[in-house]
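Chain by chain, the residues run as shown.
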Amino acid sequence: MTDLRSDFLKVFQERGYFHQCTDLEALDKAFAEEKVTAYIGFDCTAPSLHAGSLMQIMILRRLQQAGHKPIVLMGGGTTKVGDPTGRDESRPVITDETIQANMDGIKKVFEKFLTFGDGPTDAIMVNNADWLDQLEYIPFLREYGRHFSINRMLSFDSVKLRLEREESMTFLEFNYMILQAYDFVELMKNYGCQLQIGGSDQWGNIVNGVELGRRTNSFNLFGLTSPLLTSSSGAKMGKTASGAVWLNEDMLSPYDYWQFWRNTEDADVGKFLRLFTEMPVEEIAKLEKLEGQDLNEAKKALADACTAMAHGEAAATEAAETARKTFEMGQTAEGLPSLEIPSDELAAGIPAFALFHRAGLCSSSSEARKLIKGGGARLNDVKIEDEKLTLTLDSRDDAGHIKLSAGKKRHYLIVPV
């Protein structure tokens, strides 16, 4: 890679964010000599982003820390179309009301990571529905559609892979890359945005925007991507057996969030510390050299830092203390995530496998049955032997709770109310 001048791209490379750039030398020059405005887009397909989006959020944070201006683009318009990238089937159509509700939930995440305001490097949040909803179909096609080659569009992975698998792609989805390209042009016109950043799977869409800006307005735009992230075992970032690792506290407790990072695979600890924390690289280098049980201290440092950034120092401290009591002292800690169940419902009896599912410890009742059959389910720290076990008020421990455990590291308290 070229010797870099700019602080931002040096950090971008050093910490493992870099994958590809349309013109690295020119972009480095721009970062070194001026304030660059850059954006990343986030569609509103759920009420919260999950940990799979965290690298992009951290990139915006790094951008702002280096003295540049981040734009968070909410996909209020593009969500109505649905990004086909990396999918074998069309996304379900979402109503305008649901998109707005999802957007309201997602906005909460960014307030933890970025400083918003009117200053030269303050982040701003914009919604592409503001311009996409106003487009007139025929004028748009005449003005912008003529710059896109169908032959080339068919060569991009988001389309090509779907067709190779002989999976249907709707004309609605096929338009996504055109609208994303148009977003880039609009952001340059209205906000002076020169750079779009995204995951490597967005490369084709980003290049389309760079080229559309040049052809229609002679804009000099840049594209920059980060690698798609998986764990060393190949698991997709932000997903676990029990579901997504949400960033919003109302969808995943700080304790469960802390546990997700604490359970990082050994081979990933150094990489995740570089990507998701602000710990100096020299300190990270020391931590990733730890072996055996000592490496757990590095995992705790990762969990503490990630949880503090997403949920605050107090929540991170409480989660760490809850984990210490639960695992190191063998106590049923009050800080464990909990699920309130009406006492009369418990009095009537609820199958254990159903409660494991309701608590989110298993993604389905059938998965919970398999967990019990395999000996991985515990009730109040005692292995459940009978997959047909029914839990009642008599299942409470001395504290009046019912503690469910899936394996050694995931626990939930059932609280009768």
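Just so you know, these numbers come straight off a predicted model, no measurement behind them. (Residues numbered from 1 in each chain as written. Predicted model: local features only at pLDDT ≥ 70, side-chain atom pairs only at ≥ 80, totals over all residues. Heavy atoms only, no water.)

### What about the pairing of strand 15 (residues 410-416)?
How we decide: Throughout, exposure labels follow a simple rule: accessible area from a 1.4 Å probe, protein chains only, divided by the maximum for the residue type, with under 20% read as buried, over 50% as exposed, and the rest as partly exposed. What counts as a helix is a DSSP run of H or I of at least four residues, what counts as a strand is a run of E of at least two, and both are numbered from the N terminus. Strands were regarded as paired on the criterion that DSSP finds at least two bridges between them.
With 6 of 7 residues buried, strand 15 lies mostly within the body of the structure. Relative to strand 15, strand 9 (residues 338-341) runs parallel, the two sharing 4 bridges. Paired with Ile341 across the bridge in strand 15 is Pro416. In the sheet, strand 14 (residues 402-406) pairs with strand 15 via 5 bridges, with the strands oriented antiparallel. Note on strand 15: the bridge partner recorded for Ile402 is Ile414.

### Thoughts on the sheet that holds strand 9
Strand order in the open sheet formed by 5 strands is 9-15-14-11-12, and the pairing between neighbours is mixed. The open sheet has two edge strands, strand 9 and strand 12 (382-383), and neither has a second partner.

### A closer look at the sheet that holds strand 1 (residues 20-21)
Heads up, the condition is: Here a residue-residue contact requires only that any non-hydrogen atoms of the pair lie within 4.5 Å. Every axis in this analysis is a line fitted to C-alpha atoms, fitted for helices over the stretch in contact. Angles between the N-to-C directions lie between 0 and 180 degrees.
Pairing within the open sheet is mixed, and its 6 strands lie in the order 1-6-5-2-3-4. With one partner strand each, in any of the chains shown, strand 1 and strand 4 (124-127) form the two edges of the open sheet. Summarising the sheet, strand 2 (residues 37-43) and strand 3 (residues 69-75) pair through 7 bridges and their orientation is parallel. For Phe42, the partnering residue across the bridge sits in strand 3 and is Met74. Against the sheet, helix 2 (residues 24-33) touches strand 1, strand 5 (195-199) and strand 6 (222-226), its axis set at about 100° to strand 6.

### Brief notes about helix 10 (residues 176-191)
Heads up, the rule is: A helix is expected to span 1.5 Å multiplied by its residue count minus one.
The end-to-end C-alpha distance of helix 10 is 22 Å, a good match for the 22 Å that 16 residues give at a rise of 1.5 Å each. Among the residues of helix 10, those classed as buried are Tyr176, Met177, Ile178, Leu179, Gln180, Ala181, Tyr182, Asp183, Phe184, Val185, Glu186 and Leu187.

### A short note on empty space enclosed by the protein
By rolling a water-sized probe across the atoms, one finds the places where empty space is left. Rules: Here a cavity is any set of points on a 1 Å grid over the protein atoms alone where a 1.4 Å probe fits but cannot get out, and a pocket is any open set with protein on both sides within 12 Å along at least 5 of 7 lines; a residue lines the site when it has an atom within 4 Å of a point. Grid points are joined across faces, edges and corners, and a volume is the space filled by probe spheres set on the points. Classification used: nonpolar for Ala, Val, Leu, Ile, Met, Phe, Trp, Tyr, Cys and Pro, charged for Asp, Glu, Lys and Arg, polar for all others including Gly.
Across all of its chains, the model carries 1 cavity of 30 Å³ or more by this definition. The computed volume of the largest cavity comes to approximately 40 Å³. Forming the walls of the largest cavity are Asp83, Pro84, Ser158, Val159, Met169, Glu173, Phe174, Tyr176, Met177 and Asn205. At the level of elements, helix 8 (157-164), helix 9 (171-174) and helix 10 are the ones that each hand at least two residues to the lining of the largest cavity. Tallied by class, the residues present in the lining of the largest cavity amount to 6 nonpolar, 2 polar and 2 charged.

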